[in-house]
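Residue-level listing of the chains:
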Number of protein chains: 2
Amino acid sequence: MKKIFLLAGFASVTAFAQIDTTADEAFIRGIYDDALLNQQGYQWLHELCKEVGPRLAGSEGAERAVEWAQETLDTLGFDRVYLQPVEVPHWERGELSVAIAGSSIELNACALGGSVPTPEEGITAEVIEIPDVDDLKNYTREDIEGKVVFFSAPMRQTYINTGSAYGEAVKKRHTGAMEASKYGAAAVIIRSVTTRMDDAPHTGSMTYEGAEERIPSIALGYQSADRLHNALQQNPALKVNMTLTSQWFDPVMSYNVIGEIVGSEFPDEIAVVGGHLDSWDLAEGAQDDGAGSVQSMDGLFLLMRSGYEFKRTHRVVLYMNEEFGLDGAREYARVAQETGERHVIGIESDGGGDVPRGFSIQSLPSGVEAVESFKWFLEPYGLREYSIGWSGADIGQLRNDDAILLGYRADSQRYFDYHHAPTDVFESINARALQLGAASMASMLYLLDKYEVRP
Amino acid sequence: MKKIFLLAGFASVTAFAQIDTTADEAFIRGIYDDALLNQQGYQWLHELCKEVGPRLAGSEGAERAVEWAQETLDTLGFDRVYLQPVEVPHWERGELSVAIAGSSIELNACALGGSVPTPEEGITAEVIEIPDVDDLKNYTREDIEGKVVFFSAPMRQTYINTGSAYGEAVKKRHTGAMEASKYGAAAVIIRSVTTRMDDAPHTGSMTYEGAEERIPSIALGYQSADRLHNALQQNPALKVNMTLTSQWFDPVMSYNVIGEIVGSEFPDEIAVVGGHLDSWDLAEGAQDDGAGSVQSMDGLFLLMRSGYEFKRTHRVVLYMNEEFGLDGAREYARVAQETGERHVIGIESDGGGDVPRGFSIQSLPSGVEAVESFKWFLEPYGLREYSIGWSGADIGQLRNDDAILLGYRADSQRYFDYHHAPTDVFESINARALQLGAASMASMLYLLDKYEVRP
């Protein structure tokens, strides 16, 4: 039997504890075997995508998703399955038509999430093409007033981690309408934030906070953006007609769905694993974040059916409305604080269902050190990349010196091909990649619990 | 400027040479930028899949592929582009029908590559289900004679590297008919060798070497194999009707396609990069091995257009008929030996177009050490897995104490979902993953050439 020693300095209970590598290796191997053979998460994802379908917070689809998740968790043997009420916004995209006046050029487009509608008669206006939001400063109000601003810059392909490219590119989606409104723009069109040069339009949240006026904001598919660009090269004075019937309604009540197992030794210390149950309305939300939801469910269930006895209380939390305001995660964190619950471990999966690459770690340095001391166990399964500083949008709401928060990191190359687009469907997920992720999360949960790791 | 030192002991010319990490990092970064921005390999793959299409050695498709490759290489500025004649087998699969007698259960099937036909009137016989070839020893000739043997074991899901699972599972495809013929079997049906539980049948090569008699051999889609298994549970005496009109023809002349740049300092030392141009006939051969072909082409072309001055002679070699006898690779190695050409470096890509994971190294230990000293440069691009002992089927023909042979390793999770099946089409390839592979191969070629690495 090989034995290695935990590094000193992080674990208040088990400092210098011996790690039984042979037994842990075998246990973890068993978790991966079960995940790959039974593909439980993949089967759940099929149900979530094909039976529940799109599930934008506030929609009927989201209601069905809550029911499906609760009913599914109810069958798994948790000590408690419950719904946590969350008020969420209710927006519907209605119908969109957009065309170049007097032209038959096809423009595939979708409204950005939260966009106001156009006037009933639509907007007909000239287009001014500007690469990105930061370039607005090179223009005057006179240049832009009354026009449709077309932010045409593509997402940068040269980042290796596409998440970094997204961080840069999403600004025009999120703040484009707000910023352009300060110059008197009539509406905003953006090139979809995507790594794939196809023609699927990608939606996503936007904000009017700080806007001079609320103006409609839509996204074109990558190829449609090229067509509009080319048409503008031919005729800079062309006009677009745009009609959008999106609508805001009163907020509605929805729910986080939670399954809980009470810990045998430290019931007051809580470890959560989760993804977000809501998706955008254009597709099945397989990658974003059906994958993370079922990986979290299967991750915990893999440990439950292994017979492992949890020392701490463990929860799977399926957050409502990550996409449109993080309401579920904020409410979960608020209730935790109010009731004095102590969250020590959090794992989130919200980067798609591709092959595992590693974890990102949000913790004090001692927590980072602890997680990195386990790397060795997960290398055989392809997890070799650990970064520090950020975990995830939902789990990040729990940040606290007491907590070790981890973002499970799937390979990022494909994720933004599908993200928020009609192409984000079940068929874009590889079963083995998804299941390797569930097993990776389960294995990390196991090590953190067994060795009672604290920052 | 950071500098690191090459380890001693491997490089006969540049032992202790300083590696200029800053310049090399920047150069490699430029290679990846070009690969990701221009996606040249991905565009070529589209042509090869959609314009050329399936290209089994000996077929018209393979002839078109040779023409396409030669014409494409002709435009890239090589010192020489040439065809190397290779005699290849010519087999055509004809038509297959297979059904359970008196049943409407659908069986999706394909002939295995090289199978003899059934008699014109077909075969009607009982089926005996046996998990795998090794289990034949538990049966007598009496049990099997005159029956169709159904090898029903699935590929094992629990391997993390699916290549290992393939190595185990492929035995029944390759030798099943040969072994079953020794027991007097009438024909063989196998469950497709695949990681995906869909219904696409997967073909692949088989052998009659050592067979008592040449009997037909076919593969069922995974789900069809389940259906046959279930039907046998209901009625062990059921019969199948099978008709196959496959045909062997005389061998035909085909070609390896080669592009060469003469080295400026060591023109007599040769570095090759390659994949195989032929594919199975059921699909476009995007993963196997269109991906490796275009990665090899783009890999070398990336260096050419960077302005890098090659010290050694570099060749891209697109091998003919890897699938059905390795004729192209054997002929290339034979000619190299006959003419006394000295091959010092070889890189092959034949594991699909998914995201990079690393390289496998076939070399004396000093060569392994040299390659591993470069790992640092490729880690930012996701290459962290290096194994020792095996490079690839084609490049492996050049093995020699003088040579460092490398297999580029893409992530293996998806590869056998598509391998040899009608689903191996262009759409299964992710552009960024493919291009990262091309850049990884280019970067390794660059480092090995610039630092004049020898085993």
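Residues numbered from 1 in each chain as written. Chains lettered and ligands numbered in written order. Predicted model: local features only at pLDDT ≥ 70, side-chain atom pairs only at ≥ 80, totals over all residues. Heavy atoms only, no water.

Here's the deal with the interface of chain A and chain B
Counting residues at the interface gives 29 residues for chain A and 29 residues for chain B. For the pair chain A and chain B, the two sides together bury roughly 2700 Å², of which 49% comes from carbon and sulfur. Contact with chain B buries area across many residues of chain A, yet A:Ile160, A:Arg414 and A:Arg432 alone supply 26% of it, more than any other trio. Put simply, chain A and chain B have four salt bridges between them. Linking B:Glu385 and A:Arg384 is a salt bridge whose minimum nitrogen-to-oxygen distance equals 3.5 Å. Seen at the junction of chain A and chain B, the total is 19 residue pairs in polar contact (both at pLDDT 80 or more). Those elements that provide at least two residues to the side of chain A that touches chain B are helix H1 (21-38), strand E15 (356-362) and helix H12 (431-450) of chain A. Looking at the side of chain A that touches chain B element by element, the count peaks at four residues for H1(A). (Contact = heavy atoms within 4.5 Å. Buried area = accessible area lost by both parts, 1.4 Å probe. Salt bridge = Lys/Arg side-chain N within 4 Å of Asp/Glu carboxyl O. Polar contact = N/O pair within 3.5 Å; in protein donor to acceptor, adjacent residues only side chain to side chain. Helix = DSSP H or I, 4+ residues; strand = E, 2+ residues; numbered from the N terminus.)

Here we look at the environment of A:Arg384
Take A:Arg384: it is sitting in the loop between helix H10 (375-378) and strand E16 (385-388). The class for A:Arg384 is partly exposed, based on a relative accessible area of 25%. Taking the C-alpha atoms as reference points, A:Arg384 and A:Gly146, 238 residues apart in sequence, are found 52 Å from one another. In this view, A:Arg384 contacts A:Arg357, A:Glu379, B:Arg384 and B:Glu385; residues no more than four positions away in its chain are not counted. A distance of 3.3 Å separates the side chain of A:Arg384 from the backbone oxygen of B:Arg384, its partner in a polar contact. (Buried < 20%, exposed > 50% of the residue type's maximum accessible area, 1.4 Å probe, protein only.)

A closer look at the sheet that holds strand E12 (residues 266-276) of chain B
Residue and element names in this part refer to chain B. Strand order in the open sheet formed by eight strands is E3-E11-E13-E12-E14-E17-E15-E16, with mixed pairing between adjacent strands. Of all the strands in the sheet, the pair left with one neighbour each is strand E3 (80-92) and strand E16 (385-388). Between one strand axis and the next, the sheet turns through 20 degrees on average, direction left out of account. Summarising the sheet, E3 and strand E11 (residues 247-261) pair through twelve bridges and their orientation is antiparallel. Within the sheet, the bridge partner assigned to Val88 lies in E11 and is Val252. Relative to E3, helix H8 (residues 327-338) is tilted by about 135 degrees, and along the sheet it contacts E3, E11, E12, strand E13 (312-319) and strand E14 (342-348). In the packing of helix H9 (residues 365-372) onto the sheet, contacts are made with strand E15 (356-362), E16 and strand E17 (404-410), and the angle to E16 comes to roughly 175 degrees. (Pairing = 2+ DSSP bridges. Axes fitted to C-alpha atoms, helices over the stretch in contact; angles between N-to-C directions.)

What to know about the domain arrangement of chain A
Residue and element names in this part refer to chain A. According to the domain assignment, chain A contains domain 1 (3-89 + 251-450) and domain 2 (94-245). Its C-alpha centre places domain 1 at a distance of 35 Å from the equivalent point of domain 2. Listed per partner, the contact involves 15 residues of domain 1 and 21 residues of domain 2. Overall, the association of domain 1 and domain 2 removes approximately 1300 Å² of surface from exposure, summing both partners, and the carbon and sulfur fraction of that is 59%. Three residues stand out in domain 1 for area buried against domain 2, namely Phe416, Asp417 and His420, and they jointly supply 40% of the buried area on that side. There are zero salt bridges connecting domain 1 and domain 2. Counting across the domain 1 and domain 2 interface gives seven residue pairs in polar contact (both at pLDDT 80 or more). (Domains from an automatic or database assignment.)

A few points about a negative patch on the surface
All names here are of chain A. Taken together, the side chains of Glu60, Glu63, Glu67, Glu71, Asp74 and Glu92 make up a negatively charged region of the molecular surface. The dominant element in the negative patch, judged by the number of residues it contributes, is helix H3 (residues 60-74), at five residues. Here Glu60 is to be found in helix H3. (Patch = residues over 30% accessible without salt bridge, like charges linked within 9 Å, V, L, I, M, F, W, Y side chains within 5 Å. Areas by Shrake-Rupley, 256 points an atom, 1.4 Å probe, with all protein chains shown as cover. Lys, Arg positive; Asp, Glu negative; His and termini not counted. Charge placed at Lys NZ, Arg CZ, Asp CG, Glu CD.)

Notes on the packing of aromatic side chains
Summed over all chains, the structure comprises 34 aromatic pairs over all chains. Taking the centre distance of 6.3 Å and the plane angle of 40 degrees together, the rings of A:Phe359 and A:Tyr386 count as tilted. Linking A:Phe359 in strand E15 with A:Tyr386 in strand E16, this pair joins segments that are 27 residues apart in sequence. For the pair formed by A:Phe359 and A:Tyr386, the shared burial category is buried. Through successive ring pairs, a cluster of aromatic residues spans A:Phe27, A:Tyr308, A:Phe310 and A:Tyr446. Above the plane of the ring of A:Tyr222 lies A:Arg191, whose end atom (NZ or CZ) is 4.5 Å from the centre. Directly above the ring of B:Phe266 sits B:Arg454, whose terminal nitrogen or CZ lies 5.1 Å from the centroid. (Phe/Tyr/Trp six-rings, centres within 6.5 Å; stacked < 30°, edge-to-face > 60°. Lys NZ or Arg CZ within 6 Å of the ring centre and 35° of its normal.)

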